[in-house]
Amino acid sequence: MTSHAHSNKAVQLNKVSIYYGDYRAVKDVSLDIDRNKITAFIGPSGCGKSTVLRSINRMNDLVPGAHVEGEVLYRGRNLYAPDVDPVEVRRRIGMVFQKPNPFPKSIYDNIAYGPRLLGVKDRKVLDQIVELSLQQAALWDEVKNDLKKSGLALSGGQQQRLCIARAIAVEPDIILMDEPCSALDPIATQRIEELMKDLVKSYTIVIVTHNMQQAVRVSDYTAFYYIRKQEIDGKELRWGELVEFGKTKQVFDQPEQEETSDYISGRFG
Amino acid sequence: MIEEGVFHNNVLRRKRLGILWSRFYFGSLIIAIVALITLFLTVVDQAFGTVSLSFVVDPATLTDGRPLDQLSTDELADILTSNLSAGRSRILLRDYVIVNYNADTYTKQPIQALLPNHTLDLAVGEKTLGTLSAEEISPILAQSLSSDALYNLVMIEVVQEQVLESWTLSKTVFEYNQIVAENNEEHPEGVLQFRSWLNARFLGTPMASDALKAGVRTALLGSLWIIGITIFFALPVGIGAAVYLEEYARAGSHSRLFNLANNLIETNIRNLAGVPSIIYGMLGLFVFVRLLGDLTQGRTILSAGLTMALLILPVIIINAQEAIRAVPYSIREASYGMGATRWQTVSRQVLPAALPGIMTGTILGVSRAVGETAPLIVVGAATFIVTDPTGFFSQFTALPIQVYQWTSLPQVEFRYVAAAAIVVLLILLLSLNATAIVLRNRYSRRLS
């Protein structure tokens, strides 16, 4: 493990295909995600970008019938090796969801939930974690006086930052964000984007977004996924594929693939 | 193209249809409310009313004109002892004041030794029970018993009232003259009196063969015991089954056979909720009374509680399933996303969020159990029992059994007694429901 600690790759996907039952939703995705960088996944609906994101911390395991072929390497180990515990994976690779989903508990208990799961009981340690996480998520000043208030009483943007703070509280390496701003207004979105730029100093971030301006604004790398179709025995099969991956500036300014340039120029999708 | 005229006609027709349906819904509501009010009125009508009483001793002759229930304990005790033989007074002292005594030796012990907590005159205290006179017994009764208890004793021992005829509340309110006329003609000795069949004494005394003395205490305690046992067994099993079905069997990848078996089980649980209760009674009789008779000791309150637990288990499972399913998936996702195990997610997120719903379901089930009669009859509720249930292995009766039994007796008065018992049953049900609502509201407020 130590030999990989110096590697600048946080996660490497190697020919990853994801199936729901017999249906292959994503085919042969290979890409490297750099440490302390923001990588954006873009593409039209149904192209499999969220599915790939969720395969990185094995959230797809929760879907009945889902399975993954290929390798997802994290610190040199395949996350899908039989001896890897998904619970451990999700603690190292946290997730923020599309809709803010705070627990129906107090702000404090929302943040303390993760550390408590891991067995932290000392009130002082928990207090510290809560304060630090909220500060990192730029929420501390707004809520420090009512930590006992329900997390659901916050505004949408605050809720999403609470969810980010909650994800940080278990000290992950990587934070996966699945369209974290799609339910937020532009001002709340801007705050989250600023927060991401802050957080990336300490964490690796992978974000799925429908908003191409957002990808341009925040990400260092961009992966463009697209839907492939094929007719077999009169039935149309659809699956997602990674079309182009590179530095964001390059993907948007000089895309190599025609589909990419069509998509980002708004000719479809 | 839609013509303006057609459109206009259509709008009117659509609106008329809407009004028609809304009237239908309102009508349905009215029918339901009328049915409820009728039920309530019928019960209240019978639980209160006028009775024509005859006495061995008229209570009016016992006092100086004040009503009997306003006398002091001293006066009541005096009335009691002066109207009874000394022997009967001693028996009352023994049964109501001394209560716990050694049957072999109590006649030889000095009275002070039998009543260590009382301060008696030295001369009186040295006497044995058998040598006490009525005048000496009176102050002991007065200082040991409440005025209510003494009043009841006077009514039962001295006045010895008897119901000659009884009338309902509605008749009392609207046709009192007719009642008076009827009474004068048929029972010239009868004294008319307003009577609430539901009273404190009714709650506190066990079953008796005389309607005036019959009470509901044994049945009420029996029902409470059964509720307790039912919840104790049905709740954990019901929630456990629901959690398994929703969180373990449904999620994750399983073989096709497993899923098939699972669907079969779920469907059957739903069917079980509709099985007639008497079938559960027969099941309980076979399994708990006969097969496990060594454990339950046969026709005991434990067998009854277990049978009821079986009866409401499907209801609890189905409601708990619904409640668990209503917990947003995003909460589970968030929990798993933090590195929670399935058990942690279930116990820390899903169950707390589902608890209000689960409690509602449980109360629904318990309410059903409280009102059930058939399974208890099959399992073996006692029809005449005067001793309180004291444990899992007591004989038992329950409120609906008692109601059923009273309504089937030939004496008219027992119908009114039954009505009073129904009121008790309804109050028990309502307070159960109220408790659930209060608990649920308190819990939901903490969540949001």
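The rules behind each value
Residues numbered from 1 in each chain as written. Chains lettered and ligands numbered in written order. Predicted model: local features only at pLDDT ≥ 70, side-chain atom pairs only at ≥ 80, totals over all residues. Helix = DSSP H or I, 4+ residues; strand = E, 2+ residues; numbered from the N terminus. Rg over C-alpha atoms; globule rule 2.2 N^0.38 Å. Contact = placed C-beta atoms within 7 Å. Domains from an automatic or database assignment. Pairing = 2+ DSSP bridges. Nonpolar A, V, L, I, M, F, W, Y, C, P; charged D, E, K, R; others polar. Core = buried A, V, L, I, M, F, W, Y, C linked by C-beta atoms within 7 Å. Buried ≥ 20, exposed ≤ 12 C-beta atoms within 10 Å, placed from the backbone. Axes fitted to C-alpha atoms, helices over the stretch in contact; angles between N-to-C directions. pLDDT = per-residue confidence, 0-100. Parallel < 35°, antiparallel > 145°, perpendicular 65-115°, else oblique. Left-handed = near helix turned anticlockwise from the far one by under 90°.

Describing the overall build of chain B
Next up, step 1: Of regular secondary structure, chain B possesses 21 helices and three strands.
Next up, step 2: By the compact-globule yardstick of 22 Å for 448 residues, chain B is too spread out, its C-alpha radius of gyration being 30 Å.
Next up, step 3: Taking the principal axes of the C-alpha coordinates as reference, chain B spans close to 105 × 65 × 45 Å.
Next up, step 4: Partitioning the intrachain contacts of chain B with sequence separation of at least 6 by distance along the chain shows that 75% fall at a separation of at least 24.

Some remarks on the environment of Ile140 of chain B
Residues and elements named next belong to chain B.
Next up, step 1: Relative to the assigned elements, Ile140 resides in helix α7 (residues 134-144).
Next up, step 2: Placed 22 residues apart in sequence, Ile140 and His118 show a C-alpha to C-alpha distance of 8.3 Å.
Next up, step 3: Apart from the residues within four sequence positions on either side, Ile140 is in contact with Leu93, Val97 and His118.

Thoughts on the domain arrangement of chain B
Next up, step 1: Segmentation of chain B into domains returns domain 1 (54-196) and domain 2 (217-447).
Next up, step 2: Its C-alpha centre places domain 1 of chain B at a distance of 43 Å from the equivalent point of domain 2 of chain B.

With respect to the sheet that holds strand β1 (residues 9-20) of chain A
All names here are of chain A.
Next up, step 1: Judged by pairing direction, the sheet is mixed, and its ten strands sit side by side in the order β5-β4-β1-β2-β10-β9-β3-β8-β7-β6 without closing on themselves. Single-partner strands in this sheet number two, and they are β5 (77-78) and β6 (93-96).
Next up, step 2: Where β6 meets strand β7 (residues 174-178), four bridges bridge the pair, whose relative direction is parallel. If you follow Ile93 over to β7, its bridge partner there is Ile174.

As for the interface of chain A and chain B
Next up, step 1: Chain A puts 21 residues into the contact, and the matching count from chain B is 18 residues.
Next up, step 2: Put simply, the parts of the chain that give the side of chain A that touches chain B at least two residues each are α3 (86-92), β6 and α4 (107-117) of chain A.
Next up, step 3: When grouped by side-chain class, the residues that make up the side of chain A that touches chain B number twelve nonpolar, five polar and four charged.

Quick word on the nonpolar core
Soluble globular proteins tend to pack their nonpolar side chains together in the buried interior.
Next up, step 1: Of all hydrophobic cores here, the largest spans 79 residues; its most connected members are Phe41, Ala165, Ile175, Leu176, Ile205 and Val206 of chain A.
Next up, step 2: When residues in this core are grouped by element, the largest group, six residues, is from helix α7 (residues 156-168) of chain A.
Next up, step 3: If we ignore the near neighbours within four places in the chain, the residues touching Leu176 of chain A are Leu53, Ile56, Asn57, Ile93, Gly94, Met95 and Val206 of chain A.
Next up, step 4: Ile226, Ile358, Val379 and Tyr416 of chain B belong to the second largest nonpolar core, which has 74 residues in total.

Here we look at the sheet that holds strand β3 (residues 191-196) of chain B
Residues and elements named next belong to chain B.
Next up, step 1: With antiparallel pairing, three strands are arranged side by side in an open sheet as β2-β1-β3. The two strands at the open ends of the sheet, each matched to only one other strand, are β2 (162-168) and β3. Taking the axes of each pair of neighbouring strands and ignoring which way they run, one obtains an average angle of 30° across the sheet.
Next up, step 2: As paired elements, strand β1 (residues 48-54) and β3 share six bridges and run antiparallel to each other. Looking at the pairing, Leu53 lines up with Val191 of β3.

Structural notes on helix α20 (residues 399-407) of chain B
Next up, step 1: In terms of burial, α20 of chain B is a largely internal element, seven of the nine residues being buried.
Next up, step 2: What α20 of chain B keeps buried is the set Leu399, Pro400, Ile401, Gln402, Val403, Gln405 and Trp406 of chain B.

Things to note about the environment of Leu242 of chain A
Residue and element names in this part refer to chain A.
Next up, step 1: Its location among the elements puts Leu242 in strand β10 (residues 235-247).
Next up, step 2: On the basis of neighbour counts, which here come to 23 C-beta atoms within 10 Å, the residue Leu242 falls in the buried class.
Next up, step 3: Through-space distance from the C-alpha of Leu242 to that of Gly156 is 32 Å; in sequence the pair is 86 residues apart.
Next up, step 4: Discounting residues that sit within four places of it in the chain, Leu242 has contacts with Val29, Leu31, Ala223 and Tyr225.

Examining the confidence of the model for chain A
Next up, step 1: Summary statistics for chain A give a mean pLDDT of 89 and a share of 97% for residues scoring 70 or more.
Next up, step 2: Here helix α1 (residues 2-5) of chain A stands out as the least confident element of chain A, with mean pLDDT 47; strand β8 (residues 204-208) of chain A is the most confident, with 95.

Considerations on the pairing of strand β2 (residues 23-34) of chain A
For a regular strand, side chains alternate in direction, first toward one face of the sheet and then toward the other.
All names here are of chain A.
Next up, step 1: Pairing of β1 with β2 involves eight bridges; the strand directions are antiparallel. Opposite Gln12, over in β2, you have Asp32 as the bridge partner.
Next up, step 2: Two strands pair when backbone bridges link them, and β2 and β10 are joined in this way by two bridges, in the parallel orientation. For Lys27, the partnering residue across the bridge sits in β10 and is Glu241.

Topic: the environment of Asn8 of chain A
Residues and elements named next belong to chain A.
Next up, step 1: Of note, Asn8 is situated in the loop between α1 and β1.
Next up, step 2: Between the C-alpha atom of Asn8 and that of Asp34, which follows or precedes it by 26 residues, the distance is 5.7 Å.
Next up, step 3: For Asn8, the residues in contact, after removing those within four places along its chain, are Asp34 and Arg35.

Let's talk about the packing of helix α13 (residues 256-272) of chain B against helix α16 (residues 301-325) of chain B
All names here are of chain B.
Next up, step 1: Interaxial distance between α13 and α16 falls to 8 Å at its minimum, and their mutual angle equals 125°. Between α13 and α16, the angle is such that the two are oblique. In terms of crossing hand, the pair formed by α13 and α16 is left-handed. Of the residues in α16, those touching α13 at Ile269, Arg270 and Leu272 are Pro314, Ile317 and Ile318.
Next up, step 2: Looking at the contact of α13 with α16, its residues break down into five nonpolar, no polar and one charged.

Topic: helix α8 (residues 147-159) of chain B
Residues and elements named next belong to chain B.
Next up, step 1: Among the residues of α8, Leu150, Tyr151, Asn152, Val154, Val158 and Val159 are the ones counted as buried.
Next up, step 2: At its buried positions, α8 is contacted by α2 (59-62), α3 (73-83), α7 and α11 (200-204).
Next up, step 3: Immediately downstream of α8, the backbone of Gln160 shows phi near 50°, a positive value.

Side note on the packing of helix α12 (residues 217-249) of chain B against helix α18 (residues 342-371) of chain B
All names here are of chain B.
Next up, step 1: The contact between α12 and α18 brings their axes to 9 Å, and the two run at 140°. Taken together, the axes of α12 and α18 lie oblique to each other. Seen from above, α12 lies across α18 with right-handed handedness. For the pair α12 and α18, contact is made by Ser223, Ile227, Thr230, Ile231, Ala234, Leu235, Ile239, Val243 and Glu247 and by Arg342, Val346, Val350, Ile358, Thr362, Gly365, Val366, Ala369 and Val370, respectively.
Next up, step 2: Taken together, the residues of the contact of α12 with α18 sort by class into twelve nonpolar, four polar and two charged.

Digging into unusual backbone geometry
For residues other than glycine, phi is negative in most cases, and the peptide bonds are mostly trans.
Next up, step 1: Of note in this structure, Arg58 of chain A is not a glycine but carries a positive phi near 60°.
Next up, step 2: Counting through the fold element by element, Arg58 of chain A comes out in the loop between α2 (49-56) and β4 (66-74).
Next up, step 3: A positive phi angle, close to 60°, is found at Gln297 of chain B, a residue other than glycine.
Next up, step 4: Examined against the element boundaries, Gln297 of chain B turns out to sit in the loop between α15 (293-296) and α16.
Next up, step 5: Judged by the 15 C-beta atoms lying within 10 Å of it, Gln297 of chain B is partly exposed.

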